[in-house]
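Results of the structural survey
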Amino acid sequence: MGSVTLYHNPACSKSRDTLALIRAAGIEPVVIDYLQNPLSRHDLEALRIALDLPVVCLLRTGDTRYAEMGLDAPDCSDEQRMQALVAEPSLFNRPVATSAFGTRICRAPETVLEILPK
């Protein structure tokens, strides 16, 4: 089976459900607990590029800290948002799964099925 990496928060039900779907497909993923092992700016940028999404999509925009930190301001730059994400890993929009078939934010856990080997 192909290699799958899951950027995981064990306290998040969507993340746990995504992990369960991967395992139900017979795959034991590489699990990265990004709160215990925060992602570097380089890692985050690589994920953003793989997702082909703007920086803001990597952030939990509904989290109260997002607004408190001014990340919702019209003049907030991508660089400021990326720096905030490096400083506050809990703002990461998890779970994110990667495989040879793509990278997805799995806010609906079933999204992971799009990138699992058939």
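Note: the structure precedes this text.
In this report, the structure presented in the accompanying data block is examined.

Parameters and conventions
Residues numbered from 1 in each chain as written. Predicted model: local features only at pLDDT ≥ 70, side-chain atom pairs only at ≥ 80, totals over all residues. Heavy atoms only, no water. Helix = DSSP H or I, 4+ residues; strand = E, 2+ residues; numbered from the N terminus. Rg over C-alpha atoms; globule rule 2.2 N^0.38 Å. Buried < 20%, exposed > 50% of the residue type's maximum accessible area, 1.4 Å probe, protein only. Contact = heavy atoms within 4.5 Å. Areas by Shrake-Rupley, 256 points an atom, 1.4 Å probe, with all protein chains shown as cover. Core = buried A, V, L, I, M, F, W, Y, C linked by side-chain atoms within 4.5 Å. Pairing = 2+ DSSP bridges. Axes fitted to C-alpha atoms, helices over the stretch in contact; angles between N-to-C directions.

1. Structural notes on the overall build of the protein chain
Scanning the protein chain from terminus to terminus reveals four helices and four strands. Element order for the protein chain, N to C, with α for helix and β for strand: β-α-β-α-α-α-β-β. Its C-alpha radius of gyration of 14 Å places the protein chain within 12% of the 13 Å reference for a compact globule of 118 residues. Over its C-alpha atoms, taken along the principal directions, the protein chain stretches across nearly 45 × 25 × 25 Å. With 118 residues in all, the protein chain has 42% of them scored as buried. Considering only residue pairs separated by 6 or more positions, the protein chain has 60% of its internal contacts joining residues 24 or more positions apart. As presented, the protein chain carries roughly 6,200 Å² of accessible surface, and 53% of it is formed by carbon and sulfur atoms.

2. Regarding the nonpolar core
Soluble globular proteins tend to bury their nonpolar side chains together. With 19 residues, the main nonpolar core has Y7, L39, L85 and F92 as its most contacted residues. Not counting residues up to four positions away in its chain, the partners in contact with L39 are Y7, I32, Y34, L44, L47 and F92. Core analysis: the next-biggest nonpolar cluster, separate from the first, contains 10 residues, V4, L6, I115 and L116 among them.

3. Brief notes about the sheet that holds strand β1 (residues 4-8)
Spatial strand order, β2-β1-β3-β4: four strands in an open sheet with mixed pairing. Across the chains shown, the open sheet's two edge strands, defined by having one partner strand only, are β2 (30-33) and β4 (102-105). Across this sheet, the average inter-strand angle for adjacent strands is 15°, counted without regard to direction. Here β1 runs beside strand β3 (residues 96-99); their pairing, made up of four bridges, is antiparallel. Along β3, the bridge assignment pairs Y7 with V96. On the sheet, helix α1 (residues 13-24) packs against β1 and β2 and is oriented at approximately 165° with respect to β1. The sheet strands contacting helix α2 (residues 41-51) are β1, β3 and β4, and the helix crosses β4 at an angle near 100°.

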